Amino acid sequence: MPDLPVQPHPGLPALTGPVEVVGAGLLGTSIGLACRRAGLEVLLTDTSAENVRTASGLGAGRARTTDDRPVLVVVAVPPDHLGAVIAAALDATEGTGAVVTDVGSVKGVPLAAVAEHPGAERYVGSHPMAGSERSGPLAGSASLFDGRPWAITPHAGSDPAAVETVEALVRLAGGVPVWLTPAEHDRAVARTSHVPHLLSALVAGRLAAGPENHLALSGQGVRDVTRVAAGDPRLYGQIVSANADAVVALLDEVRAELDRVRDAVGRGDRAALEQVLEHGVAGTRVIPAKHGGPARPMASVWVSVPDHPGELARLLADAVASEVNIEDIRIDHDPGRPVGLVELLVEESRAEHLLASLESRGWCSHR
């Protein structure tokens, strides 16, 4: 397919291809699919020929040839290899003016690896805050980045035109640009991703040797807290190690807080314990709501749903009929009965209306 200019964001030049994606895993394949959705030619490179074949078969692009001349190279490889692959991409595109970006989870380490490279002005780091517990090209999706924050992290020597090219990619893929320095980015992801992942792993680890009669009491709460702990240990080991300074600083804060919690519980100091818990509640309220807006008061409506085909669809149809917008949905399974417990998250002011509407349609529900 010939390159088709993509309608630019006001003030941005149109992004035209070819775009090369180095690393045809989940993120790389998704970027390829998003670029193809916009009509751009995509070139795929990966150390695994099977990944290239699979991503190509999904429509994410074609294998790069030696004659291809990309205008943008997107590096989507594991953290341990970012610096070397970014440098290789700068070498391979020397004299062409091609821009190089990466989508790695840490920005300081790869920047340090290429800061003295003669083509460093063509490099602009970036990081889409999107992903999945699944990995590999088969998990890719053209819509993976739609509405998701995507950090753009130019360094002091970045060419402004290169920065604009990366922003055009972000917007083309459906992402929402968030501007940070590399150091700010690494502190931010330590707070919002890396340390939470480690704490989730610690909690999940307490379950690994738990007696069966203890684990029988597991509910949605422990599943929520431990969900991210199921991620690939080797990948997250690379990510956390690459962001060691920011992670260790936050872990020191957490360790001090944990000592205070232990002391409060041991002394029976209810006031001190409640202060910690209230601080946690305050933290949940500052997490941005959907579309990046301010957090709004939410309430949960719980509904018992028979474990039969079509029942969940019927519940959602009845929720739509109640004219209440469902902000989120979670499902917990009752191990002792053939029913599931569905949690519908709605604006607090609409919860009672939804509750009454569902009960009038025969659902067993409560708040």
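Here is what the cut-offs are and how they apply
Each residue is numbered by its place in its chain's sequence as written, counting from 1. Only residues with pLDDT of at least 70 are given local features in this predicted model, and only at 80 or more are side-chain atom pairs given and counted; all residues enter the totals for whole chains, interfaces and linings. For the side-chain quantities, the full set of heavy atoms in the structure was used; hydrogens and water were omitted. UniProt positions are given in the numbering used here, feature names are shortened, and annotations may be inferred rather than shown by experiment. Any carboxyl oxygen of Asp or Glu that lies within 4 Å of a side-chain nitrogen of Lys or Arg is treated as forming a salt bridge with it. Partly exposed residues are those whose accessible area sits between 20% and 50% of the maximum for their type, while under 20% is buried and over 50% is exposed, using a 1.4 Å probe and protein chains only. We count a stretch as a helix when DSSP gives it H or I for four or more residues in a row; a strand needs E for two or more, and each element gets its number in order from the N terminus. How far a helix is expected to stretch is found by multiplying one less than its residue total by 1.5 Å. Two axes are fitted around each residue, one to the seven residues ending there and one to the seven starting there, and the angle between them is reported as the bend at that residue. One bridge is not enough; two strands pair if DSSP finds at least two bridges between them. Here an axis means a line fitted to C-alpha atoms, over the contact stretch when the element is a helix, while the angle between two N-to-C directions is reported on a 0 to 180 degree scale. Should any heavy atoms of two residues lie within 4.5 Å, those residues are considered in contact.

An unreviewed UniProt entry lists the chain under the name Prephenate dehydrogenase, with Nocardioides oceani as the source organism. What UniProt states about the chain under its Sequence similarities (unreviewed entry) heading is, verbatim, "Belongs to the prephenate/arogenate dehydrogenase family."

## Some details on the pattern of salt bridges
Opposite charge on two side chains allows them to pair when their charged atoms are near. Within the structure shown, the criterion is met by 15 salt bridges. A salt bridge links arginine 330 to aspartate 328, with the shortest nitrogen-to-oxygen separation between them at 3.8 Å. Exposure remark for aspartate 328: the relative accessible area of 33% places this residue in the partly exposed category. The closest approach of N and O atoms between glutamate 343 and arginine 330, which form a salt bridge, is 3.3 Å. Of this pair, glutamate 343 sits in strand β11 (residues 339-347) while arginine 330 sits in strand β10 (residues 328-333), and the two are 13 residues apart along the sequence. Residue glutamate 343 is classed as buried on the basis of its relative accessible area of 8%. Given a relative accessible area of 27%, arginine 330 falls into the partly exposed group. A network of salt bridges, in which partner residues are shared, links Glu41, Arg62 and Asp68.

## Looking at helix α6 (residues 182-208)
The end-to-end C-alpha separation of α6 is 37 Å, in line with the 39 Å expected for 27 residues at 1.5 Å each. The largest bend in α6 is about 50°, located at alanine 190. Three or more residues of α6 are buried, namely Pro182, His185, Asp186, Val189, Ala190, His194, Val195, His197 and Ser200.

## Concerning the sheet that holds strand β12 (residues 364-366)
Within the open sheet, the four strands sit side by side as β10-β11-β9-β12. Their pairing is antiparallel. The open sheet terminates on both sides in strands that have one partner only, identified here as β10 and β12. Each neighbouring strand pair of the sheet contributes to a mean axis angle of 20°, computed without reference to strand direction. Pairing of strand β9 (residues 298-306) with β11, which is carried by nine bridges, proceeds in the antiparallel orientation. Bridging across to β11, valine 305 finds its partner in glycine 340. Contacts from helix α12 (residues 311-321) reach β9, β10 and β11 within the one sheet, and its direction differs from that of β9 by about 140°. Contacting β9, β11 and β12, helix α13 (residues 351-360) runs over the sheet at an angle of about 15° to β9.

## Some words on the sheet that holds strand β4 (residues 72-75)
Taken in spatial order, the five strands line up as β3-β2-β1-β4-β5 in an open sheet, and their pairing is parallel. Sheet topology places β3 (62-63) and β5 (99-102) at the edges, where each strand pairs with a single neighbour. Inspection of the sheet shows strand β2 (residues 42-45) paired to β3 by two bridges, in the parallel sense. Its bridge partner lying in β3, leucine 43 is registered against arginine 62. Running at roughly 155° to β2, helix α2 (residues 49-57) makes contact with β2 and β3 of the sheet.

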